[in-house]
Amino acid sequence: MLKFLYILFYLAQQVNLDKELRIDTLAQISYMSRNKLQTCFKDYFGYTIMDYIRIKRLQNAQLLLESTELDVKEIALLCGYRNSSRFSKLFYIQTNMLPRQYRNYIKKGDICDVK
C-alpha cells in the first residue's frame, strides 16, 4: 500500500499531469518491476495506471474549461495531450461531450458529472 501511495503522491506532484509519464519511471520510483506495478495497481484500484492518468488529465481539462477562456488546443497541451483531436476524442468518451460543448454547457449554469 505504501508503494502505491508514493506513486499517487508522485502523480499528484505533476502539475496537470502534462509531462510524459512512463510506466518504467513509475516502477523505478516505487521500487517495483514494471509488470508487478501494473498488476498490483490494477488489482488494488480496479483500473490501470494509464487509465488513472487519463482520468486525472481529463478532470484537469474540465476544470480549465470551467474556469478559464483558454483555447481547447491550449488546454489539451496543458493536460499532456499534444494532439488536440485525440484530446477531444478522449474528452468525449469521458463526458459524452466535446470540450467546446462542455464549456458551453457549464456556462449555461448546468452541472455535468464526470463518468
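Engineer: Account for the packing of helix α2 (residues 23-30) against helix α3 (residues 34-45), naming residues and giving values.
Structural biologist: Put simply, α2 and α3 touch, their axes get as near as 9 Å, and they point 90° apart. With respect to each other, α2 and α3 are oriented roughly perpendicular. Contact with α2, carried on its side by Ile23, Asp24, Leu26, Ala27 and Ser30, involves Arg34, Leu37 and Gln38 of α3 and no other residues of that element. Here the contact of α2 with α3 is built from residues that sort into four nonpolar, two polar and two charged.

Engineer: Describe in detail the confidence of the model for the protein chain, supporting the description with residues and values.
Structural biologist: For the protein chain, mean pLDDT is 85; residues scoring 70 or higher make up 88% of the total. Mean pLDDT in the protein chain bottoms out at helix α1 (residues 2-13), which sits at 70, and peaks at helix α6 (residues 84-95), which reaches 97.

Engineer: So what about unusual backbone geometry? Which residues, and what values?
Structural biologist: One non-glycine residue, tyrosine 31, lies in positive phi territory at about 60°. Mapping tyrosine 31 onto the fold places it in the loop between α2 and α3. Overall, the relative accessible area of 72% leaves tyrosine 31 in the exposed class. Backbone geometry at asparagine 96 places phi at a positive 65°, although glycine is not the residue there. Along the chain, the position of asparagine 96 falls in the loop between α6 and α7 (99-107).

Engineer: Quick one: what's the story with the side chain of glutamine 94, residue by residue and with numbers?
Structural biologist: Considering the arrangement of structural elements, one finds glutamine 94 in helix α6. Of note is the side chain of glutamine 94, whose polar atom sits 3.1 Å from the side chain of arginine 54.

Engineer: Help me get a handle on helix α4 (residues 49-67), residues and values and all.
Structural biologist: In a regular helix each residue adds 1.5 Å, so 19 residues correspond to 27 Å; α4 covers 27 Å between its end C-alpha atoms and thus fits that length. Listed as buried for α4 are Ile49, Tyr52, Ile53, Arg57, Leu58, Ala61, Gln62, Leu64 and Leu65.

Engineer: Tell me about the packing of α4 against α7, and name the residues and values.
Structural biologist: Two packed helices can be described by the angle between their axes and the distance between those axes. Relative to each other, α4 and α7 sit at 50°, their axes nearing to 9 Å. The pairing of α4 with α7 is recorded here as oblique in orientation. Where α4 crosses over α7, the two elements pack in a sense that is right-handed. For the pair formed by α4 and α7, the contact residues are Gln62, Leu64, Leu65 and Glu66 on the first element and Pro99, Tyr102, Arg103 and Ile106 on the second. A class-by-class count of the residues in the contact of α4 with α7 yields five nonpolar, one polar and two charged.

Engineer: For the environment of arginine 103, give the residues involved together with the corresponding values.
Structural biologist: Topologically, arginine 103 is positioned in helix α7. On a C-alpha basis, the gap between arginine 103 and glutamate 66 in space is 6.1 Å, while along the polypeptide they are 37 residues apart. With residues near it in sequence (within four places) discarded, arginine 103 still touches Leu64, Leu65, Thr68, Glu69, Leu70 and Ile75. A polar contact is formed between the side chain of arginine 103 and the backbone oxygen of leucine 65, at a distance of 3.2 Å.

How each quantity is defined
Residues numbered from 1 in each chain as written. Predicted model: local features only at pLDDT ≥ 70, side-chain atom pairs only at ≥ 80, totals over all residues. Heavy atoms only, no water. Axes fitted to C-alpha atoms, helices over the stretch in contact; angles between N-to-C directions. Helix = DSSP H or I, 4+ residues; strand = E, 2+ residues; numbered from the N terminus. Parallel < 35°, antiparallel > 145°, perpendicular 65-115°, else oblique. Contact = heavy atoms within 4.5 Å. Nonpolar A, V, L, I, M, F, W, Y, C, P; charged D, E, K, R; others polar. pLDDT = per-residue confidence, 0-100. Buried < 20%, exposed > 50% of the residue type's maximum accessible area, 1.4 Å probe, protein only. Polar contact = N/O pair within 3.5 Å; in protein donor to acceptor, adjacent residues only side chain to side chain. Expected span 1.5 Å × (residues − 1). Left-handed = near helix turned anticlockwise from the far one by under 90°.

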